[in-house]
Amino acid sequence: MLRVWKMLTAYVDVAVAFALAVVILTLDIGGIASTKLVQSATMATLAVVAIVLLRDRARGDTRGMEILKSVDALQKQMDVRVVSGTECNRVLTDARRDTDRWMFRGGTGAYIRAVTLPECVSAARPRRRRLEFRLEILDPMKPDLCREYVRLHQRLAVSDNSPEQGWTVDETRRELFATILAACWHQQRYEFLDIDVRLSSAYSLLRYELSTSCLVFTQRGPEFPAMVINSGTPAYLSWESELHVSFQQAKSLPLQSVKSMQLSLVPSAEEVREVFRMLGIELPAAYTDRDLDKLSELALDSSDPYA
C-alpha cells in the first residue's frame, strides 16, 4: 500500500492532466458543457502537461549532472585508464603545473630535458617551491647497451620511414650526455631543485613519469596510447615503490660535486669537459670543442621532440 501511495504522489500531476483530459472529452461528447468551458478546460490541461514536461526535463538534467559526477568520481578511483596521444599531452601538462616532484624512468630523457624539467622549474620558481626530480636513464658509458636499445626500436619501427630507422648509437649517447648536462645546469640555476640522476644498465619499451597527481606510462611518440594511474590508488602506490627500488639499484651520479661550478648561460666546451670530469664520465675521445658546443645547445635549447 505504501508503495502505491508513493507512486501516486510522485505522478499526481500526470494523474491530474489525465483526469482533466477525460472530463473534457466526456463533457464535449455529451454536449453538457459550453464551447467556452471546454476551451478553458483544454488550456488548463495543456498548462498541466507543460508543467509535467518541464519538471521531467529538470529532473532529467539533474540526474544527468549527477550521473556525470558519478562517472568522474568513478574514473578518478579507477586504477588504470588509457588515453590517446593528444590527451596524454594534456595529462602531462596538468601534472607539471603544481607538482613538487617528478620521477622518470626511460631511455634518453629527451622529452624530460626539453619540456618537463624546464616547465616544472618555471612553475616552482615564482613561489620558491621545493622541487624533487629523480631521473633514471640509460648509461651512456655502455655503448653496447645503447646499441641494443637502438636495434630494438628499429626492429619495432612501424615502417622503413619511421624516425627510429635513423637512430645511431652515437646520437643516442649524445642525447644521454645532454640530459645529464641539463640536470647539472638546472640544479645550479634553481636553489630549491633537488635533482638526482641514475644510470641504468637495462632498457625498457615503456617510459614512466610519476608526479604528485598521477603516473603516466608512455611509449615512443604521441601516436601510441598511454596509460594513466591516478595518485592514491593501490596501483599508483605499488608502481611508486617499484620505481623507487629500480632507482636505488641504478648507478648514482655525484651531481652535488658540480653544484658549486659557475656554468655559463650556455656552457663552453671547457666547462662541459669539467662537468663530466667531475661526474666521472668519460666523454668520447673524438669529441672536439665544436661537438661540445653542440652538446650545450642540445642540453639547453632542445625543442619538444613530439610537438
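Residues numbered from 1 in each chain as written. Predicted model: local features only at pLDDT ≥ 70, side-chain atom pairs only at ≥ 80, totals over all residues. Heavy atoms only, no water.

Some points on the pattern of salt bridges
Heads up, the rule is: Salt bridge, as used here: a side-chain nitrogen of Lys or Arg that lies within 4 Å of a carboxyl oxygen of Asp or Glu. Numbering of helices and strands runs from the N terminus, with a helix taken as a DSSP run of H or I at least four residues long and a strand as a DSSP run of E at least two residues long.
Using the criterion set out here, one finds 16 salt bridges in the structure. The salt bridge involving arginine 134 is made with aspartate 194; its shortest N-O contact spans 3.1 Å. Within this pair, whereas arginine 134 is found in strand β3 (residues 131–138), its partner aspartate 194 is found in strand β4 (residues 193–200), the two being separated by 60 residues in sequence. Across the salt bridge formed by glutamate 148 and arginine 151, the nearest N and O atoms sit 3.4 Å from each other.

Details of the sheet that holds β4
Here is the rule: For two strands to count as paired, DSSP must find a minimum of two bridges between them. Note on definitions: a residue-residue contact is assigned when non-hydrogen atoms from the two residues lie within 4.5 Å. In this description, a line fitted to the C-alpha atoms serves as the axis of each element, helices being fitted only across the stretch in contact, and the angle between N-to-C directions of two axes falls anywhere from 0 to 180 degrees.
Taking strand neighbours across the sheet as the criterion, the eight strands line up as β1-β7-β6-β5-β2-β3-β4-β8 in an open arrangement whose pairing is mixed. Only two strands of the sheet have a single neighbouring strand rather than two, namely β1 (81–83) and β8 (251–252). Seen against the sheet, helix α5 (residues 110–124) touches β2 (101–105), β3, β4 and β5 (207–210) and runs at an angle of roughly 175 degrees to β3.

Remarks on the packing of helix α7 (residues 169–189) against helix α9 (residues 269–279)
Basically, it comes down to this: Roughly parallel covers angles under 35 degrees, roughly antiparallel covers those over 145, roughly perpendicular covers 65 to 115, and oblique covers all other angles. Charged residues are taken to be Asp, Glu, Lys and Arg, nonpolar residues to be Ala, Val, Leu, Ile, Met, Phe, Trp, Tyr, Cys and Pro, and polar residues to be all remaining types, Gly included.
Where α7 contacts α9, the axes come no closer than 11 Å and their chain directions differ by 90 degrees. Considered as vectors, α7 and α9 are oriented roughly perpendicular to each other. Of the residues in α9, those touching α7 at Phe177, Ile180, Leu181 and Cys184 are Val272, Val275, Phe276 and Leu279. For the contact of α7 with α9, the per-class residue count stands at eight nonpolar, no polar and no charged.

Focus: the nonpolar core
The following threshold applies: Here, the term nonpolar core denotes a set of buried Ala, Val, Leu, Ile, Met, Phe, Trp, Tyr and Cys residues that are joined through side-chain atoms within 4.5 Å. Between buried and exposed lies partly exposed: a residue is buried under 20% and exposed over 50% of the maximum accessible area for its type, with that area taken using a 1.4 Å probe on protein chains only.
Core analysis: the biggest nonpolar cluster contains 60 residues, and Phe133, Ile180, Val197 and Phe276 have the highest contact counts within it. It is α7 that contributes the most residues to this core, ten residues altogether. Contact partners of phenylalanine 133, with chain neighbours within four places excluded, come to Trp102, Ile112, Thr116, Leu117, Cys120, Leu193, Asp194, Ile195 and Asp196. The next biggest cluster of nonpolar side chains, apart from the first, holds nine residues, and it includes Met103, Leu215, Ala235 and Leu243.

Let's talk about the packing of aromatic side chains
Going by this rule: Stacked, tilted and edge-to-face pairs are distinguished by plane angle, under 30 degrees for stacked and over 60 for edge-to-face with tilted covering the rest, among Phe, Tyr and Trp rings (Trp via its six-membered ring) whose centres lie within 6.5 Å.
As enumerated under the stated definition, the model contains eight aromatic pairs in all. For the ring pair tyrosine 149 and tryptophan 167, a centre distance of 6.0 Å and an interplane angle of 15 degrees mean the geometry is stacked. Of this pair, tyrosine 149 sits in helix α6 (residues 143–155) while tryptophan 167 sits in the loop between α6 and α7, and the two are 18 residues apart along the sequence. Residue classification places tryptophan 167 among the buried positions, given a relative accessible area of 18%. Measuring from ring centre to ring centre gives 6.3 Å for tyrosine 149 and tyrosine 203, while their planes differ by 65 degrees; the resulting arrangement is edge-to-face. Highlighted residues: tyrosine 149 in helix α6 and tyrosine 203 in the loop between β4 and β5, separated in sequence by 54 residues. Members of the aromatic cluster, connected to one another through ring pairs, are Tyr149, Trp167 and Tyr203.

Comments concerning the packing of α7 against helix α10 (residues 289–300)
Basically, it comes down to this: Each crossing is labelled by how the near helix is turned from the far one, with a counterclockwise turn of less than a right angle marking it left-handed and a clockwise turn marking it right-handed.
Two elements in contact, α7 and α10, have axes separated by 8 Å at closest approach and are oriented at 65 degrees. In terms of orientation, α7 lies roughly perpendicular with respect to α10. Judged by the sense of rotation from one axis to the other, the crossing of α7 with α10 is right-handed. Across the interface between the two elements, Arg174, Glu175, Phe177, Ala178, Leu181, Ala182 and Trp185 from α7 touch Leu295, Ser296, Leu298, Ala299 and Leu300 from α10.

Purely spatial values, then, with no claim about function.
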